[in-house]
Amino acid sequence: GQQVMQIPQYQHVQEGEDFTTYCNSSTTLSNIQWYKQRPGGHPVFLIQLVKSGEVKKQKRLTFQFGEAKKNSSLHITATQTTDVGTYFCAGLFISNFGNEKLTFGTGTRLTIIP
Amino acid sequence: EAGVTQFPSHSVIEKGQTVTLRCDPISGHDNLYWYRRVMGKEIKFLLHFVKESKQDESGMPNNRFLAERTGGTYSTLKVQPAELEDSGVYFCASSPINTGELFFGEGSRLTVL
């Protein structure tokens, strides 16, 4: 079945340092989404990437979709304490029958040292 | 506009008992999904409804789990009988047709003792 792996599983950074999480799929994705889950909260949609090689920015966050549409990354510049949480990528797979399934990655838990 | 609501927020039951979780999606959202997160691991897909029809239930662990979506509105997920490994947070998410973003509920935390 489709698998989406994320690394690292955990990341502890000093406030102000950069952070990157990487997402890899075993098969080509239709698109990829990123979600953030704060401690004790629920996943909240951040962004969706559709095109091969696409790059999108949201303030200090930069999202990339690989040329082969099998990998993606999220980079946060100059982390702040509000960035704490678990970041999930989610790849959209389309089956041979045309069914769409959004498969979540394993998540990267970010903690910030003030 | 109300978001996705889930009930109960937390349920503690004994092994062998039955629990029913409910999800009210955002009004007008035809897509409804159930996901489960166990012990801080990945968010695992359980099933997907389009209106009242089960589009994909390949993630349902076994026949102890039964999901329904009456009239294409709210959905229920019943676990009967519950086992220890069923503990986790069950998330419901909804979305309109042909859009990507999923709107998640707050989740129902299930603890099986």
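As shown above, the structure is provided for reference.
Residues numbered from 1 in each chain as written. Chains lettered and ligands numbered in written order. Predicted model: local features only at pLDDT ≥ 70, side-chain atom pairs only at ≥ 80, totals over all residues. Heavy atoms only, no water.

1. A word on the interface of chain B and chain A
Worth spelling out the cut-off: Here, residues are in contact when the closest pair of their heavy atoms is within 4.5 Å. The quantity reported as buried area is the accessible area (1.4 Å probe) lost by two parts once they are put together, taken as the sum for both. The working definition used for a salt bridge is a side-chain nitrogen of Lys or Arg within 4 Å of a carboxyl oxygen of Asp or Glu. Think of a polar contact as two N or O atoms within 3.5 Å of one another; within protein, one of them needs to be a possible hydrogen donor and the other a possible acceptor, and neighboring residues in sequence only count if both atoms come from side chains. The helix and strand labels rest on DSSP assignments: H or I over at least four residues marks a helix, E over at least two residues marks a strand, and numbering proceeds from the N terminus.
The interface of chain B with chain A comprises 17 residues on the first partner and 17 residues on the second. At the boundary of chain B with chain A, total buried surface from both sides reaches about 1500 Å², with 55% on carbon and sulfur atoms. When the buried area of chain B at its contact with chain A is split by residue, B:Arg37, B:Ile43 and B:Phe104 rank highest and sum to 31% of it. On the surface where chain B and chain A come into contact, there are 1 salt bridge. Notably, a salt bridge pairs A:Lys101 with B:Asp56, separated by 3.9 Å at the nearest N-O pair. Seen at the junction of chain B and chain A, the total is 6 residue pairs in polar contact (both at pLDDT 80 or more). Secondary structure elements with two or more residues in the side of chain B that touches chain A: strand E4 (31–37), strand E5 (43–50) and strand E6 (53–56) of chain B. Broken down by element, the residue count for the side of chain B that touches chain A peaks at 3 residues, all from E5(B).

2. What to know about the layout of surface pockets
Think of a ball as big as a water molecule: rolled over the atoms, this probe shows where empty space is left. Short version of the rule: Here a cavity denotes a set of grid points, spaced 1 Å apart and computed over the protein atoms alone, in which a 1.4 Å probe fits but from which it cannot get out, and a pocket denotes an open set meeting protein on both sides within 12 Å along at least five of seven lines; residues with an atom within 4 Å of a point are reported as lining. Grid points are joined across faces, edges and corners, and a volume is the space filled by probe spheres set on the points. Lys, Arg, Asp and Glu make up the charged group, whereas Ala, Val, Leu, Ile, Met, Phe, Trp, Tyr, Cys and Pro make up the nonpolar group; the residues left over, Gly among them, are polar.
One number sums up the size of the largest pocket: a volume of about 700 Å³. Around the largest pocket, the lining comprises 33 residues; the ones closest to its centre are A:Gln37, B:Arg37, B:Met39, B:Gly40 and B:Arg109. Each pocket or cavity is described by its volume, and for the second largest pocket that value is around 430 Å³. Within the residue set of the lining of the second largest pocket, elements represented by two or more residues are strand E1 (4–7) and strand E10 (100–104) of chain A together with E5 of chain B. When the residues that make up the lining of the second largest pocket are grouped by side-chain class, the tally is 5 nonpolar, 10 polar and 4 charged.

3. With respect to the pairing of strand E9 (residues 88–95) of chain B
Residues and elements named next belong to chain B. Definition in use: Partly exposed residues are those whose accessible area sits between 20% and 50% of the maximum for their type, while under 20% is buried and over 50% is exposed, using a 1.4 Å probe and protein chains only. For two strands to pair, DSSP has to find at least two bridges joining them.
Where burial is concerned, most of E9 is hidden: 8 out of the 8 residues are buried. The sheet contact formed by E4 and E9 spans 7 bridges and is antiparallel. Paired with Asn31 across the bridge in E9 is Ser95. Examined bridge by bridge, E9 and strand E11 (residues 108–112) share 3 bridges and lie antiparallel to one another. By the bridge assignment, Gly88 is partnered in E11 with Leu110. Relative to strand E10 (residues 103–104), E9 runs antiparallel, the two sharing 2 bridges. Note on E10: the bridge partner recorded for Ala93 is Phe104.

The values are spatial; any link to function lies outside them.
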